[in-house]
Amino acid sequence: MKLPRYVKTQPALLRYLPTFKNSGGNNVFPFIFLRKDLYNDLLTDKPQPKSIAALLHEETHRQRQISSGWFLWSLKYVLFPSFRFMEELEAYKATMSVLKKNKVPFDTEKVSKHLSGPLYLWSTSYARAKLSLEKAWNET
Ligand SMILES: [Zn+2]
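What counts and how
- Residues numbered from 1 in each chain as written.
- Predicted model: local features only at pLDDT ≥ 70, side-chain atom pairs only at ≥ 80, totals over all residues.
- Helix = DSSP H or I, 4+ residues; strand = E, 2+ residues; numbered from the N terminus.
- Rg over C-alpha atoms; globule rule 2.2 N^0.38 Å.
- Buried ≥ 20, exposed ≤ 12 C-beta atoms within 10 Å, placed from the backbone.
- Contact = placed C-beta atoms within 7 Å.
- pLDDT = per-residue confidence, 0-100.
- Pairing = 2+ DSSP bridges.
- Core = buried A, V, L, I, M, F, W, Y, C linked by C-beta atoms within 7 Å.
- Axes fitted to C-alpha atoms, helices over the stretch in contact; angles between N-to-C directions.
- Expected span 1.5 Å × (residues − 1).

Undergrad: Help me understand the overall build of the protein in this model?
TA: Regarding its fold elements, the protein presents 7 helices and 3 strands. Its helices and strands in sequence order give the protein the pattern β-α-β-β-α-α-α-α-α-α, from N to C terminus. Its C-alpha radius of gyration of 14 Å places the protein within 12% of the 14 Å reference for a compact globule of 140 residues. By principal-axis analysis of the C-alpha atoms, the protein measures approximately 40 × 35 × 30 Å. Counting over 140 residues, the protein shows a buried share of 29%. By sequence separation, contacts in the protein at least 24 residues apart represent 61% of the contacts at least 6 residues apart.

Shown next as structure tokens:
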């Protein structure tokens, strides 16, 4: 598929950030940086659901950054764990919609660990993350 110009492969420096290794993408407004394997897969005629899901996750962040203003969004994302968690939940709903449609499982346990751990600066408790993600998955 054809990708918008703001979607790029990860620069070497970002490759070593733990968020990158785990999420497959990062949003450095106005760009979306994707892991090279996902990016290359998206350029093929039949990209894998996982690659499309990663792109949609970052696209959701990007759209929400645009609608609330990038600076304000980033400030709130850094300062408020509950905001950070809700934004991730919204982005993961986008991830889930692609995975579920293609019958690909979503690892709520792994993502809950990430969201409640250092990777997302302890955005919420493990229990809340797990409950919210399971609810979202069931409602997808
Ligand atoms: Zn995210």
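Undergrad: What exactly am I supposed to notice about the confidence of the model for the protein here?
TA: Detailed reading of the predicted model is not advised wherever pLDDT is low. Looking at the protein, the pLDDT average stands at 91 and 93% of residues meet or exceed 70. Mean pLDDT per element in the protein: helix α1 (residues 18–23) is the minimum at 59, and helix α7 (residues 126–139) is the maximum at 98.

Undergrad: Before we go on, may I ask you to explain the pairing of strand β2 (residues 25–28) in this structure?
TA: The side chains of a regular strand alternate between both faces of the sheet. Alternating residues of β2 divide into Gly25 and Asn27, all buried, and Asn26 and Val28, none buried. Bridge count between β2 and strand β3 (residues 31–34): 4 bridges; the pairing is antiparallel. Across the sheet, the residue bridging to Asn27 is Ile32, located in β3.

Undergrad: What is the right way to look at the nonpolar core in this model?
TA: Burial of nonpolar side chains together is a common tendency in soluble globular proteins. With 21 residues, the main nonpolar core has Leu34, Ala53, Ala54, Tyr92 and Leu115 as its most contacted residues. Those elements that place two or more of their residues in this core are β3, α2 (36–42), α3 (49–68), α5 (81–101), α6 (108–115) and α7. Residue contacts for Leu115: discarding those within four places in its chain leaves Phe85, Glu88, Tyr120, Ser123, Thr124 and Ala129.

Undergrad: I'm lost on the sheet that holds strand β1 (residues 7–9) in this one. Help?
TA: Two modes of strand pairing occur in sheets, parallel and antiparallel, and in both the strands are linked by backbone hydrogen bonds. The 3 strands are arranged β1-β3-β2 in an open sheet whose pairing can be described as mixed. A single partner strand is all that each edge strand has here, and the edge strands are β1 and β2. For this sheet, the mean angle separating the axes of adjacent strands, direction not counted, is 30°. Taken strand by strand, α3 contacts β1, β2 and β3, and its axis lies near 20° from that of β2.

Undergrad: Looking at this structure, I do not really get the environment of Lys100. What am I missing?
TA: For Lys100, the position within the fold is in helix α5. Lys100 sits in the partly exposed class, given 16 other C-beta atoms within 10 Å. Through-space distance from the C-alpha of Lys100 to that of Pro49 is 9.3 Å; in sequence the pair is 51 residues apart.

Undergrad: I would appreciate a short explanation of α5 in the present structure.
TA: Since the α-helix turns once every 3.6 residues, residues separated by three or four places project in the same direction. In this model α5 runs 30 Å from its N-terminal to its C-terminal C-alpha over 21 residues, within 8% of the 30 Å that 1.5 Å per residue would give. Within the span of α5, buried status applies to Phe85, Glu87, Glu88, Ala91, Tyr92, Ala94, Thr95, Met96, Val98 and Leu99. Check the buried side of α5 and you find it contacts α3, α4 (70–79), α6 and α7. Just beyond α5, the residue with positive phi is Lys103, at close to 60°.

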